Amino acid sequence: LKIFSYGGSTDTLLDFATKQHPDLLRKVENADEACLLVVGLNAFQSLHDLTQSEHWNNGENHYIYQSSIIFGSHGDRPFNDKTINDRNINFGMAAMSPWSSDDAYIRQGFDTP
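Residues numbered from 1 in each chain as written. Predicted model: local features only at pLDDT ≥ 70, side-chain atom pairs only at ≥ 80, totals over all residues. Heavy atoms only, no water.

Colleague: Where do I start with the pairing of strand 3 (residues 36-39) in this structure?
Modeller: Consecutive residues of a regular strand have side chains that alternate between opposite faces of the sheet. Taken together, the 3 bridges between strand 1 (residues 2-5) and strand 3 define a ladder with parallel strand orientation. From the neighbouring strand, Phe4 faces strand 3, where its bridge partner is Leu37. The sheet contact formed by strand 3 and strand 4 (residues 62-65) spans 3 bridges and is parallel. Within strand 4, the position partnered with Val38 by the bridge is Tyr63. (Pairing = 2+ DSSP bridges. Helix = DSSP H or I, 4+ residues; strand = E, 2+ residues; numbered from the N terminus.)

Colleague: How should helix 1 (residues 10-20) be read in this particular structure?
Modeller: The α-helix winds at 3.6 residues per turn, so residues separated by three or four positions along the chain end up facing the same way. Listing the buried residues of helix 1 in full gives Thr10, Leu14, Ala17 and Thr18. The arc enclosing the buried residues of helix 1, seen along the axis, measures out at 95 degrees, which places them on a common side. In helix 1, the exposed positions that point more than 90 degrees away from the buried face belong to Thr12, Phe16 and Lys19. In the core, the buried residues of helix 1 are packed alongside strand 1, strand 2 (26-27), strand 3 and strand 4. (Buried < 20%, exposed > 50% of the residue type's maximum accessible area, 1.4 Å probe, protein only. Arc of directions from axis to C-beta. Contact = heavy atoms within 4.5 Å.)

Colleague: I would appreciate a short explanation of unusual backbone geometry in the present structure.
Modeller: With the exception of glycine, the majority of residues adopt a negative phi angle, and the majority of peptide bonds are in the trans configuration. Phi is positive for Asn42, close to 65 degrees, though the residue is something other than glycine. Tracing the backbone through its elements, the reader meets Asn42 in the loop between strand 3 and helix 2 (47-51). One non-glycine residue, Asn58, adopts positive backbone phi at about 60 degrees. In this structure, Asn58 sits in the loop between helix 2 and strand 4. When its relative accessible area of 38% is taken as the criterion, Asn58 is described as partly exposed.

Colleague: What exactly am I supposed to notice about the sheet that holds strand 4 here?
Modeller: Pairing between the strands of a sheet is mediated by backbone hydrogen bonds and can be parallel or antiparallel. With parallel pairing, the 5 strands of this open sheet are ordered in space as 2-1-3-4-5. Across the chains shown, the open sheet's two edge strands, defined by having one partner strand only, are strand 2 and strand 5 (95-97).

Colleague: Just checking my understanding: could you explain the nonpolar core for this structure?
Modeller: Among soluble globular proteins, nonpolar side chains are generally buried collectively. The biggest cluster of nonpolar side chains holds 15 residues, and the ones touching the most others in it are Phe4, Ile64 and Phe91. Secondary structure elements with two or more residues in this core: strand 3 and helix 2. Setting aside residues no more than four positions away along its own chain, Phe4 makes contact with Val28, Glu29, Asn30, Ala31, Ala34, Leu36, Leu37 and Val38. (Core = buried A, V, L, I, M, F, W, Y, C linked by side-chain atoms within 4.5 Å.)

Colleague: Looking at this model, I keep getting lost on the packing of aromatic side chains. Mind explaining?
Modeller: Aromatic ring pairs are reported here in terms of the distance separating the ring centres and the angle at which the planes meet. One pass over the structure, following the stated rule, counts 2 aromatic pairs. Where Phe4 meets Tyr6, the ring centres are 5.3 Å apart and the plane angle is 85 degrees; that geometry is what we call edge-to-face. By the burial criterion, Phe4 is buried, and Tyr6 matches it. (Phe/Tyr/Trp six-rings, centres within 6.5 Å; stacked < 30°, edge-to-face > 60°.)

Colleague: Can you help me understand the environment of Ala31 in this one?
Modeller: With respect to the helices, strands and loops of the structure, Ala31 is situated in the loop between strand 2 and strand 3. Along the sequence, Ala31 and Lys2 sit 29 residues apart, while their C-alpha atoms lie 9.3 Å from each other. In this structure, Ala31 is in contact with Phe4, Leu37 and His55, ignoring residues within four places of it in sequence.

What follows is the structure, given as structure tokens:
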């Protein structure tokens, strides 16, 4: 599986994982080559920057690591009605873990609470 990291907190973890499983995982430098694009802490300055990035495509093939920290304030959690409706931000295809479900819902097959 070819993996691309946007940077931030996931780089060290992905480096470790690819060294442990080189037959299964390979980190690539070009997002166009990747099957999975990983977003971690400090990869983007804001939700807007993330969703406007060149490869976002409504989150398709994206995994947002530690999303409960990234979306730490109540109004910034991805499935909060305010975030979706007021800001017109679509996280429909992105997988996320872990995150708080107090104002959200778990999408079977996508999210890990």
